[in-house]
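Given next are the chains, with one letter for each unit.
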Amino acid sequence: MSDGSAVAERPIASSEPVLYEVRDSGVAVITLNQPARLNAWGGPMTSAFFRLVDAAEADSNVRVIVMTGTGRAFCAGAYMGDLDSISSTTVESASKTDVSALVAEKHPYFLTQLSKPVIAAINGSVAGIGLSVALMADIRFAAAGAKFSTSFARRGLVAEYGISWILPRLVGWGAAVDLLLSGRTFLAEEAAELGLVKEVVPGEELMDRALAYAEDMAANCAPSSLAVMKRQLYADAGLPIVETSDRAEQLMHESMTRPDFIEGITAFFEKRPPKFPPLTVPSVPSVRGGHSSPVEKDGEEVR
């Protein structure tokens, strides 16, 4: 754990992109298992993840679901393998990218719609859509030193898949604005202070702690109560998460038509700070409708 963000490695022999285990305690463990690419979101791994979550939801022997990752990351964001030739990518070609095929067969909020509690054991770095997925879990534990980042602003993207709905509810408005607009990296210890995770534990103790919590819940809480209370929590939260996430997907498609996206990804691959171009007309669309929000440029209002 020399860089402060790694966690204890658990021996994993399988080459399956996602591992699945149903324990006698009634806890299903779903493990993202593509450590060489930091469990980046997309492709066979996510298809398997959705399938196994559905299997756990349908299995009457499963009362609680725990999800985690192997290696140094929980999930370091969307898999950009298809954009390796970014230097030749244009705004036009990027705008034709099928975002749903790239990162999401389902929106991460589907975890909130399950009848069973979902616990995230965040074993290492988590960013972008990986963070969106982790936040849609009901409860989170994290390994000491694990690195967190929303990262969207630094890639020329927007708040994806409902993270603008869930993050303020977890950490409060001010902290959510900071984390989303800065895209900065912060550690598990700060995440705990903000209320983003329940507990931070040494990496080698993470799964034991998360499993102990899940197994206590599985053993001592009525599945019917868990299902109803979980539905109450998200239904009573106020704003419609489905509409928020659908709108976020539309905005993400629009963001991929702008030069900011190309620059953000190029800078990422070139390992340099991004040099985003100045804001130009038309201005960035409002998140609440089809009209553009007024934006200040060179001292004048631009619509």
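Residues numbered from 1 in each chain as written. Predicted model: local features only at pLDDT ≥ 70, side-chain atom pairs only at ≥ 80, totals over all residues. Heavy atoms only, no water.

### Remarks on the overall build of the chain
To keep things clear, this is the line we draw: Here a strand is any run of E in DSSP of at least two residues, a helix any run of H or I of at least four, and the numbering for each starts at the N terminus. With a 1.4 Å probe rolled over the protein chains alone, any residue whose accessible area is under 20% of its type maximum counts as buried; one over 50% counts as exposed, and the rest are partly exposed. Contacts: residue pairs with any heavy atoms within 4.5 Å of one another. Areas reported here follow the Shrake-Rupley algorithm with a probe of radius 1.4 Å; residue values treat only the protein chains shown as occluding.
Looking only at helices and strands, one finds 11 helices and 12 strands in the chain. Each of the 303 residues in the chain was classed as buried or not, and the buried ones make up 48%. Put simply, of all contacts in the chain between residues at least 6 apart along the chain, 71% involve residues at least 24 apart. Within the structure as shown, the chain displays about 14300 Å² of accessible surface, and the carbon and sulfur contribution to it stands at 54%.

### Digging into unusual backbone geometry
One non-glycine residue, S151, lies in the positive phi region at around 70°. Along the polypeptide, S151 turns up in the loop between strand 8 (147-149) and helix 5 (163-171). A positive phi angle is found at K271, which is not glycine, with a value near 55°. When its relative accessible area of 74% is taken as the criterion, K271 is described as exposed.

### Here's the deal with the confidence of the model for the chain
Worth spelling out the cut-off: The pLDDT score gives, residue by residue, the confidence of the prediction method on a 0 to 100 scale.
When the pLDDT values of the chain are averaged, the result is 81; 78% of them are 70 or greater. Here residues 1-11 scores under 50 on pLDDT; set against residues more than four positions off or in separate chains, the count is 26 contacts. Throughout residues 281-303 the model reports pLDDT below 50, and contacts reaching past four residues in sequence, or to other chains, amount to 38 contacts.

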